[in-house]
Amino acid sequence: AEPTGSIEVEAKFMVGPGTEARLVVLGAVLAGAVSFQDQYYDTPDGRLTLADHWLRHREGAGWELKCPPWPAGGARDPGYGPGATSQDGSTRAATSLNPGAPAQPPGSTTAYQELTSPAAVVARLCAILAVAPDPGWACIPVAVAGLGLEVFAAFRTQRRSYRLGRLSVDLDEADFGYAVGEVETAVTHPWEVPAAQEEVTRVGRELGVEVTGPVMGKMSVYLQQYRPQHYEELVQAGRLVRDKMPMGGR
Ligand code: V4E
């Protein structure tokens, strides 16, 4: 099937004191500075996130579901099946509606679909949770309540967004004391993902402070701090990479 909406290809990098100057040298233009609160939802036993599905309500943007963009082994699978390897050498496997499928390797680039249409979000949630959709679940808050989803993470981000050609670069500072950068681009088709990954990786390397390991996302750091058991389960399931760099190390 045609993908619903675009696929967001992202690489995280570690922000340092020189990052904004480097952005300007590369010709990036500040597109805006915003602050927003995110609330992430899951079942009490974490079945959405264990299936690599990230449902959030973002202030100013509304409901969004970040999820793997292609069904495992689907016609448009861009060759990420078992055996394909990514730049960090980890096995990259297609994720899918199958909650047991391997995650995309955390810590390198990621490619996620961002569903916002209520019908698409609710259909995907029901598929993952193996629940028959209720005709009354046309709006997301009603479905969220009906599915028994609860907030498991809530934090505020201050974001400075730069435009760099067809890339966007976000410099994020979360209210629990973690800063991270993200280079992002959007593609329409799965086969465009590898070239986009190369590009966001290259620019992320140019902008970021050099680090030896993968750069943690805000969620990894948040869960490690506030939800250590959920964090541990996600690491075990291969959905998050273990944080080897405690925040004091910045
Ligand atoms: C997809 C995902 C999560 C949801 C949050 O996504 P993230 O890109 O980290 O946050 P943010 O605020 O920058 O979202 P944006 O505004 O760009 O839409 S939490 C964990 N994941 C999976 C994941 C992963 N496995 N590895 C890495 C490096 N990032 C995310």
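Trainee: Just to check I follow, could you spell out the site of the ligand for this structure?
Mentor: Near the ligand lie 20 residues; those nearest to it are Arg56, Arg58, Lys66, Glu182 and Lys218. At 3.2 Å, a side-chain N or O of Glu114 approaches an oxygen atom of the ligand. Arg239 places a polar main-chain atom, nitrogen or oxygen, 3.0 Å from a nitrogen atom of the ligand. Expressed as a share of its isolated accessible area of 640 Å², the protein-covered part of the ligand is 95%. Among the secondary structure elements, those contributing two or more residues to the shell around the ligand are strand 1 (7–13), strand 3 (54–58), strand 5 (110–115), strand 8 (178–187) and helix 6 (218–226). Broken down by class, the residue content of the shell around the ligand amounts to six nonpolar, two polar and twelve charged.

Trainee: What is the right way to read the confidence of the model for the protein from this model?
Mentor: Across the protein, the average pLDDT comes to 86, with 81% of residues at 70 or higher. For the stretch residues 72–102, pLDDT sits under 50, and the model shows 73 contacts to residues farther than four places along the chain or on other chains.

Trainee: Would you explain the pattern of salt bridges in this entry?
Mentor: Once the charged atoms of two side chains with opposite charge are near each other, the side chains can pair. Here the structure, examined in full by the defined rule, presents 14 salt bridges. Between Arg160 and Glu20 there is a salt bridge whose closest N-O contact spans 3.1 Å. With a gap of 140 residues between them, Arg160 in strand 6 (residues 150–164) and Glu20 in helix 1 (residues 19–25) connect regions that are remote in the sequence. The class for Arg160 is partly exposed, based on a relative accessible area of 33%.

Trainee: Would you take a moment to explain the nonpolar core for this structure?
Mentor: Soluble globular proteins tend to bury their nonpolar side chains together. Core analysis: the largest hydrophobic core is formed by 22 residues, its most contacted members being Trp54, Met219 and Leu223. At the level of elements, strand 6, strand 8, helix 6 and helix 7 (228–236) are the ones that each hand at least two residues to this core. Looking at this core, the element that brings in the most residues is helix 6, giving four residues. Excluding residues that lie within four positions of it along the chain, Met219 makes contacts with Tyr40, Trp54, Phe152, Ala153 and Phe155.

Trainee: I'm lost on the pairing of strand 4 (residues 62–67) in this one. Help?
Mentor: Along a regular strand, successive side chains alternate from one face of the sheet to the other. The buried count for strand 4 comes to six of six residues, which makes it a mostly enclosed element. Two strands pair when backbone bridges link them, and strand 3 and strand 4 are joined in this way by five bridges, in the antiparallel orientation. Each bridged residue has a counterpart across the sheet, and for Leu55 the counterpart in strand 4 is Leu65. As consecutive antiparallel partners, strand 3 and strand 4 are separated by three residues, and within that stretch Gly60 has a phi angle of approximately 90°, a positive value. Judged from the three bridges that link them, strand 4 and strand 5 form a sheet pairing that is antiparallel. Along strand 5, the bridge assignment pairs Cys67 with Gln113.

Trainee: Help me understand the packing of helix 6 against helix 7, please; the structure alone is not making it clear to me.
Mentor: Helix-helix packing is characterised by the crossing angle of the two axes and by the distance between the axes. The interhelical angle for the contact between helix 6 and helix 7, taken along N-to-C directions, is 130°, at an axis separation of 6 Å. As judged from the angle between their axes, helix 6 and helix 7 are oblique. Where helix 6 abuts helix 7, its residues Ser220, Leu223, Gln224, Gln225 and Tyr226 lie against Pro228, His230, Tyr231 and Leu234. Class assignment of the residues belonging to the contact of helix 6 with helix 7 gives a composition of five nonpolar, four polar and no charged.

Trainee: Just to check I follow, could you spell out helix 3 (residues 118–129) for this structure?
Mentor: Within an α-helix, residues lying three or four positions from one another point in the same direction, as the helix has 3.6 residues per turn. Taking 1.5 Å per residue as the helical rise, helix 3 with its twelve residues ought to reach 16 Å, and the 16 Å between its terminal C-alpha atoms agrees with that figure. Taken together, the buried positions of helix 3 are occupied by Val121, Val122, Arg124, Leu125, Cys126, Ile128 and Leu129. Buried residues along helix 3 sit in contact with helix 2 (47–50), strand 3, strand 4, strand 5 and helix 4 (140–146). Within two residues after helix 3, Ala130 carries a phi angle of roughly 55°, on the positive side.

Trainee: Please clarify how helix 7 should be interpreted in this entry.
Mentor: Of the positions making up helix 7, those classed as buried are His230, Tyr231, Leu234 and Val235. The arc that holds every buried residue of helix 7, seen down its axis, measures 135°, which confines them to one face. In helix 7, the exposed residues that point more than 90 degrees away from the buried face are Gln229 and Gln236. Buried residues in helix 7 make contact with strand 2 (29–42), helix 2, strand 3, strand 6 and helix 6. Remark: Gly238 follows helix 7 within two positions and exhibits a positive phi of approximately 80°.

Reading guide: rules and limits
Residues numbered from 1 in each chain as written. Predicted model: local features only at pLDDT ≥ 70, side-chain atom pairs only at ≥ 80, totals over all residues. Heavy atoms only, no water. Near = heavy atom within 4 Å. Polar contact = N/O pair within 3.5 Å; in protein donor to acceptor, adjacent residues only side chain to side chain. Areas by Shrake-Rupley, 256 points an atom, 1.4 Å probe, with all protein chains shown as cover. Helix = DSSP H or I, 4+ residues; strand = E, 2+ residues; numbered from the N terminus. Nonpolar A, V, L, I, M, F, W, Y, C, P; charged D, E, K, R; others polar. pLDDT = per-residue confidence, 0-100. Contact = heavy atoms within 4.5 Å. Salt bridge = Lys/Arg side-chain N within 4 Å of Asp/Glu carboxyl O. Buried < 20%, exposed > 50% of the residue type's maximum accessible area, 1.4 Å probe, protein only. Core = buried A, V, L, I, M, F, W, Y, C linked by side-chain atoms within 4.5 Å. Pairing = 2+ DSSP bridges. Axes fitted to C-alpha atoms, helices over the stretch in contact; angles between N-to-C directions. Parallel < 35°, antiparallel > 145°, perpendicular 65-115°, else oblique. Expected span 1.5 Å × (residues − 1). Arc of directions from axis to C-beta.

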